[in-house]
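Coordinates in review
Now for the letters of each chain:
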Amino acid sequence: MMNDKKLRTVQKVGQTWRYDIRNIVGNVSGAQKSGFQTKQQAELAANEQLIKFQKNAFFKPTKQMRFSDLCEQYKKSRIYASKTQNNYKKTQIKYCDEFCRLSTYIVGNNKLKQLGNAVCSEIDANLIQEQLIKHLYNTHHRKSAGKRWSVFKKILNYAVQLNVYEVSPALACKPLYQGKIERKDHRRLTANEVQKLIDNAVDLQTQTMIVVASTTGMRPQEIFALQKTDISWNEAVININRAKDKEGKISLTKTQNGKRTVPLVDKTAKQLRLYLDDVEKRGSWEQKNSLFVFANRDGNTIDYHNFNRRKFRQTREKAKLDDQIMFRLLRHFYAATIIAAKLPTQKV
């Protein structure tokens, strides 16, 4: 543990006193507070805050510490720092979240117990190669596996900075991917399977969303952000101008060409009218007055993960289809259909 006097500083700013507490993890400020009338008041407050930090955030890794404990301690310290730092940058918080997710992944994964239970001095290139790299390669998509591997190397680099290792063991490991990776084909839906999903939908809203996705090729984010004014009944088209991003906010479409107009076929128009009439009869006041076509009871946009977990999964099980079928595959079904019909695909 570092000397307390090195961890905290007290200085006069204008007519008042301020204390700063430096977090040794990442060398970022742990806490800062000003407005004290005397130096003694600032020192007392700094000491109290320092005690809290020492219980929660500060630790000194050693070679005999288990790697899972290193991950857990680092996760706690980074979370505590992000909560107490006033001017903590968004990029640093995102960086912190990546560490937290990886440490939770290593500690909680039964297949990585040997790596998590090993002390830091036992971790070498062979153990990393057999445990982590092999597991990531076999169970994760290339992009996801690459992110986890990158963050794992950063944890080891951090341990090098604190003299746990002289050189990072990850440097002696073979690359996560070597050569060209054969891309696995997507699960392809048939017209019969799409019809089963429509017939076995758990409610009218889910049924309508399946029809819209399979006949327009709209992305799930675009369907959730679809507004009533985007439907042009007279011209029989749907104007796609916006999408729902990962944070749940309505923003621009995924690509610049995402702003497009798709035809509204008779089947889709009939299903949409049936659904909107049902909302007017049975929907809540918020749903009736919502801007969005597919709104929840509060009138807000539907959460994609909740929809997949609660409604689409039940529809799939009711239709007795395999769990590889996801809602986003309906867009792929539409693309395959128009390609088979030799229609232009520039604006799918």
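Residues numbered from 1 in each chain as written. Predicted model: local features only at pLDDT ≥ 70, side-chain atom pairs only at ≥ 80, totals over all residues. Heavy atoms only, no water.

1. Considerations on the overall build of the chain
Our working rule: Helix numbering and strand numbering both begin at the N terminus, where a helix is a DSSP run of H or I of at least 4 residues and a strand a DSSP run of E of at least 2. Each residue gets one of three labels from its accessible area relative to the maximum for its type: buried under 20%, exposed over 50%, partly exposed in between, using a 1.4 Å probe on protein chains only. Each accessible area is a Shrake-Rupley result for a 1.4 Å probe, and residues are judged covered by the shown protein chains and nothing else.
Check the secondary structure of the chain and you find 14 helices and eight strands. Counting across all 348 residues of the chain, residues that qualify as buried make up 44%. Total accessible area on the chain is roughly 21000 Å²; 47% of this is exposed by carbon and sulfur atoms.

2. So, the sheet that holds strand 5 (residues 237-240)
Quick reminder of the rule: Two strands qualify as a pair provided DSSP detects at least 2 bridges between them.
Pairing is antiparallel in the open sheet, where three strands are placed in the order 4-5-8. Here the strands that pair on one side only, and so sit at the sheet edges, are strand 4 (231-232) and strand 8 (260-263).

3. Observations regarding the nonpolar core
Note the following rule: Only buried Ala, Val, Leu, Ile, Met, Phe, Trp, Tyr and Cys residues count toward a nonpolar core, and they belong to the same one when joined by side-chain atoms within 4.5 Å. Note on contacts: a residue pair qualifies if any of its non-hydrogen atoms lie within 4.5 Å across the two residues.
Residues M209, I223, V293, F294, F327 and L330 are the most contacted members of the largest nonpolar core, which totals 35 residues. When contributions to this core are tallied by element, the ones reaching two or more residues are helix 8 (191-199), helix 9 (204-216), helix 10 (220-224), strand 5, helix 11 (266-282), helix 13 (304-318) and helix 14 (329-340). Setting aside anything within four residues of it in sequence, one finds F327 in contact with M209, I210, A213, P220, I223, Y304, F307, N308 and F312.

4. Considering helix 9
What counts, and what does not: Expected span of a helix: the number of residues minus one, times 1.5 Å.
Over its 13 residues, helix 9 extends 18 Å from the first C-alpha to the last, a length consistent with the 18 Å expected when each residue adds 1.5 Å. In terms of residue burial, helix 9 counts as a mostly covered element, since 12 of its 13 residues are buried. Taken as a whole, helix 9 has its buried residues at Q205, T206, Q207, T208, M209, I210, V211, V212, A213, S214, T215 and T216. Of the residues trailing helix 9, G217 is marked for its positive phi of about 75°.

5. Let's talk about the side chain of T215
To be explicit about the condition: Pairs of N or O atoms are called polar contacts if they sit within 3.5 Å, as long as, within protein, a hydrogen donor faces a hydrogen acceptor (for residues adjacent in sequence, only side-chain-to-side-chain pairs).
Residue position: T215 is located in helix 9. Among the polar contacts listed, one links the side chain of T215 to the backbone oxygen of V211, at a separation of 2.6 Å. Within the structure, the side chain of T215 is placed 2.6 Å from the side chain of T268, a separation counted as a polar contact.

6. What to know about the confidence of the model for the chain
Detailed reading of the predicted model is not advised wherever pLDDT is low. Basically, it comes down to this: Every residue gets a pLDDT, meaning the predictor's confidence in that residue, from 0 to 100.
Summing up the model confidence of the chain, the mean pLDDT is 77 and the portion of residues at 70 or higher is 73%. Here helix 1 (residues 4-7) stands out as the element of the chain with the lowest mean pLDDT, 52, in contrast to helix 9, whose mean of 94 is the highest. Counting interchain partners and residues more than four positions distant, the pLDDT-below-50 stretch residues 1-6 has seven contacts. Contacts of residues 24-29 to residues separated by more than four positions or lying in other chains number 19 contacts, the stretch itself having pLDDT below 50.

7. Some remarks on empty space enclosed by the protein
Put simply, the rule is: Only protein atoms enter the 1 Å grid used here, on which a cavity is any set of points holding a 1.4 Å probe that cannot leave and a pocket is any open set flanked by protein within 12 Å on both sides along at least five of seven lines; residues with an atom within 4 Å of a point are listed as lining. Grid points are joined across faces, edges and corners, and a volume is the space filled by probe spheres set on the points. When residues are sorted by character, Ala, Val, Leu, Ile, Met, Phe, Trp, Tyr, Cys and Pro go into the nonpolar class, Asp, Glu, Lys and Arg into the charged class, and all the rest, Gly among them, into the polar class.
What the rule picks out here adds up to one cavity of 30 Å³ or more. Of the volumes computed, that of the largest cavity is approximately 40 Å³. Taken together, K228, Y275, L276, V279, Q287, F292, V293 and A295 make up the full set of residues lining the largest cavity. Of the residues forming the lining of the largest cavity, the biggest block, three residues, is contributed by helix 11. Grouping the constituent residues of the lining of the largest cavity by class yields six nonpolar, one polar and one charged.

8. Observations concerning the environment of Q49
As for its position among the elements, Q49 is in helix 2 (residues 39-56). Given a relative accessible area of 15%, Q49 falls into the buried group. Through-space distance from the C-alpha of Q49 to that of I21 is 8.2 Å; in sequence the pair is 28 residues apart.

9. Points about the pattern of salt bridges
Put simply, the rule is: Each salt bridge in this description consists of a side-chain nitrogen of Lys or Arg and a carboxyl oxygen of Asp or Glu lying within 4 Å of one another.
In this structure the tally under the stated criterion is five salt bridges. A salt bridge links E222 to R219; its shortest N-O distance comes to 2.9 Å. This pair shows no difference in class: E222 is buried, exactly as R219 is. Through salt bridges with shared partners, one network takes in R219, E222 and R260.

10. Some thoughts on the packing of aromatic side chains
Basically, it comes down to this: Pairing of aromatic side chains here covers Phe, Tyr and the six-membered ring of Trp, requires ring centres within 6.5 Å, and sorts the geometry by plane angle: under 30 degrees stacked, over 60 edge-to-face, intermediate tilted.
Under the defined criterion, the tally for this structure stands at nine aromatic pairs. Pairing F312 with F327 gives two aromatic rings, centres 5.7 Å apart and planes at 75°, and the pair type is edge-to-face. Of the two residues, F312 is situated in helix 13 and F327 in the loop between helix 13 and helix 14; the sequence distance between them amounts to 15 residues. Neither F312 nor F327 differs from the other in exposure class; each is buried.

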